[in-house]
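# Fold and contact review
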Amino acid sequence: MTAKPDIGARLAEDSPYAALIDAAYGAFACATPPATGVCTDCCMDPEIEADFLNPPIREMPLTYVQDWFFAACNPPLAKSVWMYLLPRVLEVLACGQDPSYAGLEVSLSRFPTGDRSQWTDAQWQVLDGFQRQFLHDQVRRRENALDDVLCMFGNAGWPLDDLFAQVAAMPDHDLIPKLWADWCQGRPTIWITAFWEASGNSAAFAFYTSQALYDRIVATALSDDTDPDLAAKAMRVADAIFANADWALGAD
């Protein structure tokens, strides 16, 4: 076999995710599964497939993870496979990388990762902590579209109402610049990813265009206490909401 690639996507010791990811490797420690759980006929690179389960999970190269995600799979995946891979997948995400070439949104959806009943208390503490930290971090850092992040967690089984409540609880100085970056750099529009499953896209759109969110954004835009740059961005975000909201149809 050719030389193995660099591991890649290894978390620095001083990363804000370091303790959480270390806890993930402990909480999800399990036996190496007997098979990859994905298509074995043609999807994976033959050399990667042959070596996939040989490296310790902490040392699984990013290229192996991405090649595994490229292979066909009929969810839900066997829990034994997903439990084994999950801490490495979380580490890849914490490093700002996508485990899948397809996009961030599919990263956690091969098993109902967000279903609390599937996990022990220790495992759920890791998953719940990761979800909340990652969502808030992505809003502040603005690396991925908010809808892409919500879709990743929503398609993986986290309750949408709880995800939307977390977004609504974020401070204006974090949320408004994020919505402006996602929706208003160009013609104002509400970004919805095509990866949503079931009615997730409709629920997300309803949240983004809700009267409650619009009223909040407008109040911030018009407040004398708001920084002028934030106020300007808030007004653009409010315009995008109003232009797309069903309740605004026919309004003056």
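Just so you know, these numbers come straight off a predicted model, no measurement behind them.

### What about the overall build of the protein?
Counting its regular elements, the protein contains eleven helices and zero strands. Listing the helices and strands of the protein from first to last along the sequence gives α-α-α-α-α-α-α-α-α-α-α. C-alpha extents for the protein along the principal axes are approximately 65 × 35 × 35 Å. Within the protein, the proportion of its 252 residues that are buried is 49%. When contacts within the protein are restricted to residue pairs at least 6 apart in sequence, long-range pairs at least 24 apart make up 73% of them. Of the roughly 11,800 Å² of accessible surface on the protein, 52% is carried by carbon and sulfur atoms. Taken together, the 16 basic and 35 acidic charged side chains of the protein have centroids lying 2 Å from each other.

### Notes on the nonpolar core
Core analysis: the largest hydrophobic core is formed by 75 residues, its most contacted members being W68, W82, L108 and F130. Not counting the four nearest positions on each side in its chain, W82 is found in contact with W68, F69, L77, V89, S107, L108, F111, T113 and W119.

### Things to note about the packing of helix 1 (residues 18-27) against helix 5 (residues 121-141)
Geometrically, a packed helix pair is captured by the angle between its two axes and the distance between the axes. Here helix 1 crosses helix 5 at 150 degrees, and the two axes come no closer than 9 Å. Here helix 1 lies roughly antiparallel to helix 5, going by the angle between them. The element helix 1 and its partner helix 5 pack so that their crossing is left-handed. Of the residues in helix 5, those in contact with L20, I21, A23, A24 and A27 of helix 1 are A122, Q123, V126, G129, F130 and Q133. When the residues that make up the contact of helix 1 with helix 5 are grouped by side-chain class, the tally is eight nonpolar, three polar and no charged.

### Quick word on the environment of A219
With respect to the element layout, A219 can be found in helix 10 (residues 211-222). With 19 residues separating them along the chain, A219 and A238 place their C-alpha atoms 9.8 Å apart.

### Topic: the pattern of salt bridges
Within the structure shown, the criterion is met by eleven salt bridges. Residue R88 is joined to E91 by a salt bridge in which the shortest nitrogen-to-oxygen separation is 3.2 Å. Of this pair, R88 and E91 are both found in helix 4 (residues 79-94), three residues apart, which corresponds to roughly one turn of the helix. Exposure class is identical for R88 and E91. Each is buried. The residue R216 makes a salt bridge to D172 at a minimum N-O spacing of 2.8 Å. Here R216, found in helix 10, pairs with D172, found in helix 8 (residues 172-183); they are 44 residues apart in sequence, far enough to count as distant. You can call R216 partly exposed: its relative accessible area is 21%. For D172, a relative accessible area of 23% corresponds to the partly exposed category.

### Overview of the packing of aromatic side chains
Per the stated rule, a full pass over the model turns up 18 aromatic pairs. Ring pairs connect the aromatic residues Y17, W124, F130, F134, F153 and W158, which therefore count as one cluster. Sitting above the plane of the W119 ring, K79 keeps its charged end 5.1 Å from the centroid.

### Concerning unusual backbone geometry
Phi at A9 is positive, roughly 50 degrees, even though this residue is not glycine. One can find A9 in the segment before helix 1. Even without being a glycine, A198 presents a positive backbone phi close to 50 degrees. Tracing the sequence through the fold places A198 in the loop between helix 8 and helix 9 (200-208).

### Focus: helix 1
Taken together, the buried positions of helix 1 are L20, I21, A24 and Y25. Looking straight down helix 1, one finds that the buried residues subtend no more than 140 degrees of arc, so they occupy a single side. Exposed positions of helix 1 whose direction lies more than 90 degrees from the buried face are A19 and G26. Packing partners of the buried residues in helix 1 comprise helix 4 and helix 5.

Rules of the game
Residues numbered from 1 in each chain as written. Predicted model: local features only at pLDDT ≥ 70, side-chain atom pairs only at ≥ 80, totals over all residues. Heavy atoms only, no water. Helix = DSSP H or I, 4+ residues; strand = E, 2+ residues; numbered from the N terminus. Buried < 20%, exposed > 50% of the residue type's maximum accessible area, 1.4 Å probe, protein only. Contact = heavy atoms within 4.5 Å. Areas by Shrake-Rupley, 256 points an atom, 1.4 Å probe, with all protein chains shown as cover. Lys, Arg positive; Asp, Glu negative; His and termini not counted. Charge placed at Lys NZ, Arg CZ, Asp CG, Glu CD. Core = buried A, V, L, I, M, F, W, Y, C linked by side-chain atoms within 4.5 Å. Axes fitted to C-alpha atoms, helices over the stretch in contact; angles between N-to-C directions. Parallel < 35°, antiparallel > 145°, perpendicular 65-115°, else oblique. Left-handed = near helix turned anticlockwise from the far one by under 90°. Nonpolar A, V, L, I, M, F, W, Y, C, P; charged D, E, K, R; others polar. Salt bridge = Lys/Arg side-chain N within 4 Å of Asp/Glu carboxyl O. Phe/Tyr/Trp six-rings, centres within 6.5 Å; stacked < 30°, edge-to-face > 60°. Lys NZ or Arg CZ within 6 Å of the ring centre and 35° of its normal. Arc of directions from axis to C-beta.

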